[in-house]
Amino acid sequence: MGERKELTKGDNDVNRAFRIGLFLSSYTPVAIMIFLNDMKEFSLEQVGITLHKNTVFWSVLTGVFILSLLMLVLWLVRMDRNAGNQIKLYENYDIKNNDGEVLSYFVTFVIPILSLKVDSAPSIVMNVMIIVLVGIYFVQNNVLHFNPLLLLAGYHIYSDSADHIIISRCDKYTIKNKGLKADQFGSSNIFYIKKPKP
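Residues numbered from 1 in each chain as written. Predicted model: local features only at pLDDT ≥ 70, side-chain atom pairs only at ≥ 80, totals over all residues. Heavy atoms only, no water.

This part is about the environment of Phe146. Within the secondary structure, Phe146 is located in the loop between helix H6 (121-140) and helix H7 (148-152). Taking relative accessible area as the criterion, Phe146 reaches 15% and is therefore assigned buried. For the pair formed by Phe146 and Ser26, sequence separation is 120 residues and the distance between their alpha carbons is 7.6 Å. Look past the residues within four positions of Phe146 in its chain and what remains in contact with it is Ser26, Glu101, Val102, Tyr105 and Phe138. (Helix = DSSP H or I, 4+ residues; strand = E, 2+ residues; numbered from the N terminus. Buried < 20%, exposed > 50% of the residue type's maximum accessible area, 1.4 Å probe, protein only. Contact = heavy atoms within 4.5 Å.)

This model, assessed by the stated rule, comprises four aromatic pairs. Seen in terms of ring centroids, Phe23 and Phe138 are 4.9 Å apart; in terms of plane orientation they differ by 50°. Their pairing is tilted. With a gap of 115 residues between them, Phe23 in helix H1 (residues 16-25) and Phe138 in helix H6 connect regions that are remote in the sequence. Residue Phe23 shares its accessibility class with Phe138, and that shared class is buried. Three or more aromatic residues joined by ring pairs form one cluster here, namely Phe23, Tyr27 and Phe138. (Phe/Tyr/Trp six-rings, centres within 6.5 Å; stacked < 30°, edge-to-face > 60°.)

Moving on to the pattern of salt bridges. When charged atoms on two side chains of opposite charge get close, those side chains can pair. Following the criterion strictly, the structure yields two salt bridges and no others. A salt bridge links Lys53 to Asp38; its shortest N-O distance comes to 3.4 Å. On the criterion of sequence distance, the pair formed by Lys53 in helix H3 (residues 44-53) and Asp38 in the loop between helix H2 (28-37) and H3 is long-range, its members being 15 residues apart. You can call Lys53 partly exposed: its relative accessible area is 35%. A salt bridge links Lys194 to Asp80; its shortest N-O distance comes to 2.8 Å. Taken as a pair, Lys194 in the segment after strand E6 (190-193) and Asp80 in helix H4 (residues 55-85) lie far apart in primary sequence, 114 residues in all. (Salt bridge = Lys/Arg side-chain N within 4 Å of Asp/Glu carboxyl O.)

Now the structure itself:
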């Protein structure tokens, strides 16, 4: 992909709090599944019953996910704007699609968490411990691309022989055939390819 910016320990562009927010946003579909799993039927009455099982839990969860989703949107908007303004971009040679790995990551942790019982404190604590352990790995290794919401939003996740991560709405063949170049996000190992205008 060519020479890239050197990684720094104190990455100011992708700080720790921001990475935690991006990690939490990846669990938004799980939270929705937990809510649906706790309902006996689709009705407004059942929605109210489910919410009242643990009002504090659902209120905190809603606030956290709204904030984390805003961080995800800001991250994507920032990458898109930066890619449009950068003069120095990087060529992509040998890339492979990693969409399947993102889904595998999601499925691996969604099954145990779906067993969460919102009216049981031990069940909540156990699942929070799982999320914290996964989150430590996520944040320390800067794997922001392991987010199923990116796939739902129409993005593809690629990697190359140098273990760079490339995020783009373009498919693999469009990137290769049009020789599209990527912009590095901050000093991370994540690159973004802006979709060309038709």
